[in-house]
Amino acid sequence: NPQTKIKFSLPKQSFVILKVFDSMGKETESLVSSVLSAGNYEAEFNSKNLSSGVYFYTLTADGFAETKKMVLIK
């Protein structure tokens, strides 16, 4: 299954950016770029056009930024 869901929560309304990068730092997809209200969210990531390897996703919201690693195996 080439799809996965990235879950995140917001404590207050914020402008959110969620992007996926390959291991070389090149942006492969922008999943979210909008103002969202406080609450829980899921962003769907479809990797059918990507090769196997290590990818990173970065969530930025209201002064907070976090990057996590994911491994794609086909």
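Scoring rules and cut-offs
Per chain, residues are indexed from 1 in the order of the written sequence. Where local features are concerned, this predicted model is filtered to residues with pLDDT of at least 70; where side-chain atom pairs are given and counted, the filter is 80 or more; whole-chain, interface and lining totals use all residues. Values shown for side chains rest on all heavy atoms present in the structure; no hydrogens or waters enter the calculation. Throughout, nonpolar core names a set of buried Ala, Val, Leu, Ile, Met, Phe, Trp, Tyr and Cys residues whose side chains join them through atoms within 4.5 Å. Between buried and exposed lies partly exposed: a residue is buried under 20% and exposed over 50% of the maximum accessible area for its type, with that area taken using a 1.4 Å probe on protein chains only. Segments assigned H or I by DSSP are reported as helices when at least four residues long, segments assigned E as strands when at least two residues long, and all are numbered from the N terminus. Positive charges come from Lys and Arg, negative ones from Asp and Glu, while His and the chain ends are left out of the count. The term salt bridge refers to a pairing of a side-chain nitrogen on Lys or Arg with a carboxyl oxygen on Asp or Glu at a separation within 4 Å. Polar contact is defined as a pair of N or O atoms within 3.5 Å, subject to the rule that within protein one atom must be able to donate a hydrogen and the other to accept it, and that residues adjacent in sequence are counted only when both atoms are side-chain atoms.

Undergrad: Before we move on, could you go through the nonpolar core and cite the residues and values that matter?
TA: The biggest cluster of nonpolar side chains holds 17 residues, and the ones touching the most others in it are Phe 8, Val 16, Leu 18, Val 20, Leu 31 and Val 32. For this core, the secondary structure elements donating two or more residues are β1 (3-10), β2 (14-22), β3 (27-36), β4 (39-46), β5 (53-61) and β6 (64-72). Considering each element in turn, this core owes the most residues, four residues, to β5.

Undergrad: Quick one: what's the story with the side chain of Asp 22, residue by residue and with numbers?
TA: Relative to the helices and strands, Asp 22 resides in strand β2. Within the buried set, Asp 22 has no salt-bridge partner at all; the shortest N-O distance to an opposite charge, 5.7 Å, is to Lys 26. Within the structure, Asp 22 has its side chain in polar contact with the backbone nitrogen of Met 24 (distance 3.0 Å). A polar contact of 2.8 Å, which involves the side chain of Asp 22, links it to the backbone nitrogen of Lys 26.

Undergrad: Can you explain the pattern of salt bridges? Please cite residues and give values.
TA: As enumerated under the stated definition, the model contains four salt bridges in all. A salt bridge links Lys 5 to Glu 42; the nearest nitrogen and oxygen atoms lie 3.6 Å apart. Here the residue Lys 5 occupies a position in strand β1, and Glu 42 occupies one in strand β4, the gap between them amounting to 37 residues. Using a relative accessible area of 45% as the deciding quantity, one classes Glu 42 as partly exposed. Glu 42 is paired through a salt bridge with Lys 7; the nearest N and O atoms lie 3.8 Å apart. Placement of Glu 42 in strand β4 and of Lys 7 in strand β1 is noted, with a sequence separation of 35 residues between them. Using a relative accessible area of 63% as the deciding quantity, one classes Lys 7 as exposed. Among the charged side chains, a network of salt bridges with common partners joins Lys 5, Lys 7 and Glu 42.

Everything listed is a geometric property; what it means functionally is a separate question.
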